[in-house]
Amino acid sequence: RDEVVLVGRSNVGKSTLMRELTGHKVKTGKKPGVTRQPNHFDWASEKFMFTDLPGFGFMSGVSEERREQIKTDVVRYVEENADRILVGVVVVDGKAAVDIIDRHSAEGEVPHDVEMFHFLQELEIPTVVAVNKMDKVDDRDERLNDLCDRLGLYPPWQQWRETVAPISAKRGSVEPLLEALRTHFHDQKRDDLL
Ligand code: GDP
């Protein structure tokens, strides 16, 4: 079956988004780093499924070694299933993402979110960055432009609506993400899906 995968750091709101998209109750608040298996959820029409991959990056109480292992597992899952992945969604926390990216860059590391974004693109998987928690962001356009810049997308962000989708999963406003998904489904001649 065809699938849309969700990847992202721990605590960005992936479970909340999954619940909003599929209506399935996704267990939240579980101890981070414990769930290592992909979670599959049928889209209402059962024409494709969403796959929630384990959150990676910093989690308090989770060893560096284990965090690395989670990321390796996520990367492997995407590689092994690349042929049937319709769209890869990188979920980020709109309030925190740019600061986290800049901090890692300053330390000479490739930030996880940026790495995942490029990784999906290298595999030629259409990619959407779901910028979540936008309800907490005041300087919306500036934040989104900064994020585009860090991802190597030339601002303004409005030029990238099929790639950058500002949402608030908690408030139930996810239409920009659905719109981006529709665009990618259409490009793949799968207008039947959404
Ligand atoms: P996960 O670890 O990525 O699955 O994140 P969760 O879905 O468990 O959410 C982490 C925290 O972020 C929870 O406290 C959520 O209520 C909160 N959260 C999720 N989405 C939003 C949102 O759109 N806005 C705000 N303000 N908080 C959110």
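From a predicted model like this one, the values you see are computed outputs, not experimental measurements.

## Describing helix H5 (residues 140-151)
- If you check H5, its first and last C-alpha atoms are 17 Å apart, about what 12 residues at 1.5 Å a residue would give, namely 16 Å.
- Three or more residues of H5 are buried, namely Leu144, Leu147, Cys148 and Leu151. All buried residues of H5 fall inside an arc of 100 degrees around its axis, so they share one side.
- Buried residues in H5 make contact with strand E4 (85-93), helix H3 (97-106), helix H4 (112-122), strand E5 (127-132) and strand E6 (164-166).
- Positive backbone phi, approximately 80 degrees, marks Gly152, located one or two places after H5.

## A word on the packing of aromatic side chains
- Under the counting rule described, the total for this entry stands at four aromatic pairs.
- With 5.3 Å between their ring centres and 70 degrees between their planes, Phe48 and Phe185 make a pair best called edge-to-face. Remark: Phe185 occurs in helix H6 (residues 175-187) and Phe48 occurs in the loop between strand E2 (39-42) and strand E3 (49-52); sequence separation between them is 137 residues. Like Phe185, Phe48 is buried.
- Ring pairing ties together the aromatic residues Trp43, Phe48, Phe50 and Phe185, which thus form one cluster.

## Quick look at the site of the ligand
- Residues in close proximity to the ligand total 15 residues, the closest being Asn11, Lys14, Ser15, Thr16 and Asp135.
- In the model, an oxygen atom of the ligand is placed 2.6 Å from a nitrogen or oxygen of the Thr16 side chain.
- Here Asn132 contributes a side-chain N or O atom positioned 3.1 Å from an oxygen atom of the ligand.
- In the complex, the protein chains occlude 77% of the 590 Å² of accessible area that the ligand would expose alone.
- Sort the elements by how many residues they give to the shell around the ligand and helix H1 (residues 14-22) lands first, with three residues.
- When its residues are assigned to classes, the shell around the ligand shows two nonpolar, eight polar and five charged.

## Some thoughts on the nonpolar core
- By size, the foremost hydrophobic cluster in this structure holds 34 residues, and its most contacted members are Val131 and Leu147.
- Every element with two or more residues in this core is listed here: strand E1 (3-8), helix H2 (64-81), E4, H3, H4, E5 and H5.
- The element contributing the most residues to this core is H4, with five residues.

## Overview of the side chain of Thr51
- Relative to the assigned elements, Thr51 resides in strand E3.
- Setting aside residues up to four positions removed in sequence, Thr51 forms contacts with Glu3, Val4, Val5, Leu6, Met18, Pro38, Asn39, His40 and Tyr77.

## Quick notes on the pattern of salt bridges
- Tallied over the entire structure, the rule returns 13 salt bridges.
- Notably, a salt bridge pairs Asp73 with Arg76, separated by 3.9 Å at the nearest N-O pair. Linking Asp73 with Arg76, this pair stays in helix H2, spanning three residues, or about one helical turn.
- Its relative accessible area of 41% is what places Arg76 among the partly exposed residues.
- The salt bridge involving Arg143 is made with Asp139; its shortest N-O contact spans 4.0 Å.

## Observations concerning the pairing of E1
- With six of six residues buried, E1 lies mostly within the body of the structure.
- The pairing of E1 with E3 spans four bridges and is parallel. Within the sheet, the bridge partner assigned to Val5 lies in E3 and is Thr51.

## Section: the packing of H2 against H4
- Relative orientation of the contacting elements H2 and H4 amounts to 15 degrees, with a least axis distance of 11 Å. As far as their axial angle goes, H4 and H2 are roughly parallel. As H2 runs across H4, the sense of the crossing is right-handed. Every residue of H4 that contacts H2 at Lys71, Val74, Val75, Val78 and Glu79 is listed here: His112, Glu115, Met116, Phe119 and Leu120.

About the criteria used
Residues numbered from 1 in each chain as written. Predicted model: local features only at pLDDT ≥ 70, side-chain atom pairs only at ≥ 80, totals over all residues. Heavy atoms only, no water. Helix = DSSP H or I, 4+ residues; strand = E, 2+ residues; numbered from the N terminus. Expected span 1.5 Å × (residues − 1). Buried < 20%, exposed > 50% of the residue type's maximum accessible area, 1.4 Å probe, protein only. Arc of directions from axis to C-beta. Contact = heavy atoms within 4.5 Å. Phe/Tyr/Trp six-rings, centres within 6.5 Å; stacked < 30°, edge-to-face > 60°. Near = heavy atom within 4 Å. Polar contact = N/O pair within 3.5 Å; in protein donor to acceptor, adjacent residues only side chain to side chain. Areas by Shrake-Rupley, 256 points an atom, 1.4 Å probe, with all protein chains shown as cover. Nonpolar A, V, L, I, M, F, W, Y, C, P; charged D, E, K, R; others polar. Core = buried A, V, L, I, M, F, W, Y, C linked by side-chain atoms within 4.5 Å. Salt bridge = Lys/Arg side-chain N within 4 Å of Asp/Glu carboxyl O. Pairing = 2+ DSSP bridges. Axes fitted to C-alpha atoms, helices over the stretch in contact; angles between N-to-C directions. Parallel < 35°, antiparallel > 145°, perpendicular 65-115°, else oblique. Left-handed = near helix turned anticlockwise from the far one by under 90°.

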